[in-house]
Amino acid sequence: MKREFTIDCGPDFSFFHAAKSHGWYDLPPFKFDDDDASLSGAFIAERGVISFCVRGAGDKLKVTATGQTSEEVVTQVVKHVLRMEDDLTDFYTQTRSDGAMNWVTELNGGRLLRSPTVWEDLVKSICTTNCSWGLTRKMVGNLVEKLGSSGSDGIKAFPSPGEMASVSVDFYKDEIRAGYRSAYLFELADTVASGKLDPASWMHSNLPIADLKKEIKKIKGVGDYAAENLLKLLGRYDGLALDSWLRSQFYVRHNGGQKCSDKKIERHYSRYGAWRGLAIWCDMTEDWFK
DNA sequence: GCGTCCAGGTCTACC
DNA sequence: GGTAGACCTGGACGC
């Protein structure tokens, strides 16, 4: 079943800047089509896999969805992945008064694309650790292709915890090419599938940021970077989620190309308080939108 | 084509 | 708490 409808997004939302805010649009099931500036994706609903395609159209989004579910469910997922209901008022107040960051306010940036589920973001975060972006794409692509279920149009969704727990550690090594992460991914899938861990609960957790980070870091394969990256996707921006790319960008933009300590980077963004993780990301990706 | 080196983030053992 | 080495893959490079 295919349906088309629109979602009001208002004049202060930029579909393009949300969809291409970071590399997630490049990881399946997401796909960004540059020719018609559309983002497509897929998710698992009650009665099977739903695929969707979103385009920006002024103060509306045009959505095409295939599969058996309601317009409301698809709308909810689209709003979730594009961060449409995130309140960035405080952040924009700060970027507006910061000459170098004013572009974020003017372009309505700062909405970091996320997956339909915390589970998917968690697994993808682990797949970004200790490897090139090319390998991340390969691992995530293999997960979707070899373990994901298809919708009526043949488009596959990211595999559920159950689907990922149904194969062996060797499958992750040989087929997914996850290397030493294989045991981590299998163990994580098994823990979530059996109900011992519920990543979705982190979305509305009342835990202080430090405690929530500790909780997330209990998962094998998740260290400071991966935990802070996931926290950003949960709407908690206290951590910088420093990786080699972010550090190298900072050195060039703010330290004359010379290496410096992480503490210096942290001091640079400390004025943004609880928004510092979003501030560094916007600052380092400004060139993407020029 | 083959072998070697390197980058990447986290875990574990050790101090 | 801090540090060193191992983990594994793919790309770059030299031969």
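The following paragraphs examine the structure supplied in this document.

**Structural notes on the overall build of chain A**
- Summing up its helical and strand segments, chain A has 14 helices and five strands in all.
- On C-alpha atoms alone, chain A measures out to a radius of gyration of 19 Å, which is about the 19 Å that the 2.2 N^0.38 rule sets for 290 residues.
- For the C-alpha atoms alone, the extent of chain A along its principal axes is close to 50 × 45 × 35 Å.
- When the 290 residues of chain A are sorted by exposure, 51% land in the buried category.
- Separation between the mean location of the 38 positive side-chain charges and that of the 40 negative ones in chain A comes to 5 Å.

**Some details on the pairing of strand E4 (residues 48-57)**
- Note that strand E3 (residues 38-45) and E4 share eight bridges and pair antiparallel. The partner of leucine 39 across the bridge, within E4, is valine 54.
- Joining the antiparallel neighbours E3 and E4 is a turn of two residues.
- In this structure, E4 lies alongside strand E5 (residues 60-66), joined through seven bridges in antiparallel fashion. Across the sheet, phenylalanine 52 pairs through a bridge with alanine 65, a residue of E5.
- The hairpin formed by E4 and E5 contains two residues between the paired strands, and glycine 58 there has a positive phi angle of roughly 65 degrees.

**Concerning the side chain of threonine 69**
- Relative to the helices and strands, threonine 69 resides in the loop between E5 and helix H2 (71-81).
- The class of threonine 69 is buried, set by a relative accessible area of 12%.
- Apart from the residues within four sequence positions on either side, threonine 69 is in contact with Arg3, Ala45, Ile50 and Val74.

**Section: the nonpolar core**
- Judged by nonpolar contacts, the single largest core of 89 residues is most densely connected at Leu61, Leu82, Phe91, Met164, Tyr172 and Trp202.
- Setting aside anything within four residues of it in sequence, one finds leucine 61 in contact with Phe5, Thr6, Ile7, Cys9, Phe13, Phe15, Val54, Arg55, Gly56, Val78, Leu82 and Met84.

**Regarding the packing of helix H8 (residues 169-176) against helix H9 (residues 181-193)**
- Packing of H8 against H9 brings their axes to within 8 Å, and their N-to-C directions diverge by 130 degrees. When the axes of H8 and H9 are compared, the pair comes out oblique. Crossing geometry of H8 relative to H9 is assigned as right-handed. Along the contact surface, H8 presents Val169, Tyr172 and Lys173, while H9 presents Ser182, Ala183, Leu185, Phe186 and Ala189.
- Per-class residue counts for the contact of H8 with H9 are six nonpolar, one polar and one charged.

**Focus on unusual backbone geometry**
- In this chain, proline 28 is followed by proline 29 through a cis amide linkage whose omega measures 5 degrees.
- Structurally, proline 29 can be placed in the loop between helix H1 (15-19) and strand E2 (31-33).
- Even without a glycine there, the phi angle at arginine 177 is positive, about 65 degrees.
- Assignment of secondary structure puts arginine 177 in the loop between H8 and H9.
- Even without being a glycine, alanine 241 presents a positive backbone phi close to 55 degrees.
- For alanine 241, the location among the structural elements is in the loop between helix H11 (224-233) and helix H12 (244-254).

The rules behind each value
- Residues numbered from 1 in each chain as written.
- Chains lettered and ligands numbered in written order.
- Predicted model: local features only at pLDDT ≥ 70, side-chain atom pairs only at ≥ 80, totals over all residues.
- Heavy atoms only, no water.
- Helix = DSSP H or I, 4+ residues; strand = E, 2+ residues; numbered from the N terminus.
- Rg over C-alpha atoms; globule rule 2.2 N^0.38 Å.
- Buried < 20%, exposed > 50% of the residue type's maximum accessible area, 1.4 Å probe, protein only.
- Lys, Arg positive; Asp, Glu negative; His and termini not counted.
- Charge placed at Lys NZ, Arg CZ, Asp CG, Glu CD.
- Pairing = 2+ DSSP bridges.
- Contact = heavy atoms within 4.5 Å.
- Core = buried A, V, L, I, M, F, W, Y, C linked by side-chain atoms within 4.5 Å.
- Axes fitted to C-alpha atoms, helices over the stretch in contact; angles between N-to-C directions.
- Parallel < 35°, antiparallel > 145°, perpendicular 65-115°, else oblique.
- Left-handed = near helix turned anticlockwise from the far one by under 90°.
- Nonpolar A, V, L, I, M, F, W, Y, C, P; charged D, E, K, R; others polar.

On their own, these measurements won't tell you what the molecule is for.
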